[in-house]
Amino acid sequence: MFTGIIEELGKVSALIKGDKSLKLKVECSKVTDGLLLGDSIAVNGVCLTAVSFGSSFFEADISYETIAKTSLNNIRSGSVVNLERALTLSSRLGGHIVQGHVDGTGRILNITKYGDSYRLFISYPDYLDKYIVSKCSIAVDGISLTAADVNSNSFEVAGIPHTFENTNLKYKKNGDIVNLESDIIARYVEKMVYDEEKDDKLKSLILGFKR
């Protein structure tokens, strides 16, 4: 579990292709501090497992499923990536609850400088529409952001200078693909409402038989 507060930017230094898989090597300095073999690290919002590491790098395997369904499909040697270590019980939850389980990808439609800040307009797939509402939390490439406005299949987020300077957003351009993860609380609420509706239908059916 993560918070969506990026700890540092890493640089992909090697990509090793396997049979329907990929091994990623990332140069970094902060997220390896206290790292143990098998620990989780979010790379552009995707929860990966550190399979080897040193003081200035870590390696992680990327499955075929992850390659197919996230923006890591487009990652290249030299790519700059957002990194965050897994949340601990003593950590501050400065962003929101992020699982590192990407729901899908979106596309940056436009990046506009707005005073000292930035406005990003990002498209999203139809199946995420019910989870994205005005003022909701959403992880974009692992960054905890707030949807300031929602239109038909796109939403707007505002990025303060600190966020731009300390994440890979400053390297993004129009048309780039980003990972999206909706707020897990919205999905739990949906499940509870759906189960309640099923229970009501079952009760009606049982009562109908009894009559």
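The rules behind these values
Numbers given to residues run from 1 along each chain, matching the order in which its sequence is written. The model is predicted, so local features are restricted to residues of pLDDT at least 70 and side-chain atom pairs to those at 80 or more, both for listing and for counting; the totals for chains, interfaces and linings are taken over all residues. Only hydrogens and water are removed before side-chain values are computed, so all heavy atoms of the structure are retained for them. Secondary structure elements are defined from DSSP: runs of H or I of at least 4 residues count as helices, runs of E of at least 2 residues count as strands, and each element is numbered from the N terminus. Only protein chains enter the accessibility calculation, which uses a 1.4 Å probe; a residue is then buried when its area is under 20% of its type maximum, exposed when over 50%, and partly exposed in between. Only strands that DSSP links by at least two bridges are regarded as paired with each other. Interaxial angles span 0 to 180 degrees and are taken between N-to-C directions of axes, which are lines fitted to C-alpha atoms, for helices over the stretch in contact. Here, two residues are considered to be in contact whenever any of their heavy atoms come within 4.5 Å of each other.

**Student:** How should I be thinking about unusual backbone geometry in this particular structure?
**Tutor:** In terms of backbone geometry, most residues other than glycine have negative phi values and most peptide bonds are trans. Backbone geometry at Asn44 places phi at a positive 50 degrees, although glycine is not the residue there. Counting through the fold element by element, Asn44 comes out in the loop between β3 (40–43) and β4 (46–54). On the basis of relative accessible area, Asn44 is assigned to the buried category, the value being 6%. A positive phi angle, close to 55 degrees, is found at Asp141, a residue other than glycine. Mapped onto the elements, Asp141 comes out in the loop between β9 (137–140) and β10 (143–151). Accessibility expressed as a relative area gives 0% for Asp141, which makes it buried.

**Student:** Sorry, what's going on with the sheet that holds strand β1 (residues 8–18) here?
**Tutor:** Paired through their backbone hydrogen bonds, the strands of a sheet run either parallel or antiparallel. Here six strands make up a closed barrel; going around it, the order is β1-β2-β5-β4-β3-β6 and the pairing antiparallel. Averaged over all adjacent pairs, the angle separating strand axes in this sheet is 45 degrees, with direction ignored.

**Student:** When you look at the environment of Lys25 in this model, what are you seeing that I'm missing?
**Tutor:** The topology assignment puts Lys25 in strand β2 (residues 21–27). Separated by 104 residues in sequence, Lys25 and Asp129 have C-alpha atoms that sit 34 Å apart. Not counting residues within four places of it along the chain, the set of residues in contact with Lys25 comprises Lys11, Val12, Ser13, Ala14, Phe57, Phe58 and Glu59.

**Student:** Can you help me understand the pairing of strand β6 (residues 80–85) in this one?
**Tutor:** If a strand is regular, its side chains alternate between the two faces of the sheet. Across four bridges, β1 lies against β6 in antiparallel orientation. Bridge assignment links Leu9 to a residue of β6, and that residue is Asn82. Where β3 meets β6, three bridges bridge the pair, whose relative direction is antiparallel. Counted as the bridge partner of Ala42 is Glu84 from β6.

**Student:** Any chance you could explain the sheet that holds strand β12 (residues 177–182) here in plain terms?
**Tutor:** If you trace the six strands once around the closed barrel, you get β7-β8-β11-β10-β9-β12, paired in antiparallel fashion. Strand after strand, the sheet turns through a mean of 45 degrees between neighbouring axes, direction not considered.

**Student:** Explain the side chain of Thr70 here, please?
**Tutor:** Assignment of secondary structure puts Thr70 in the loop between α1 (64–69) and β6. The exposure class assigned to Thr70 is buried, which follows from its relative accessible area of 8%. Excluding its chain neighbours within four sequence positions, the residues that come into contact with Thr70 are Val46, Val102, Thr105 and Asn179.

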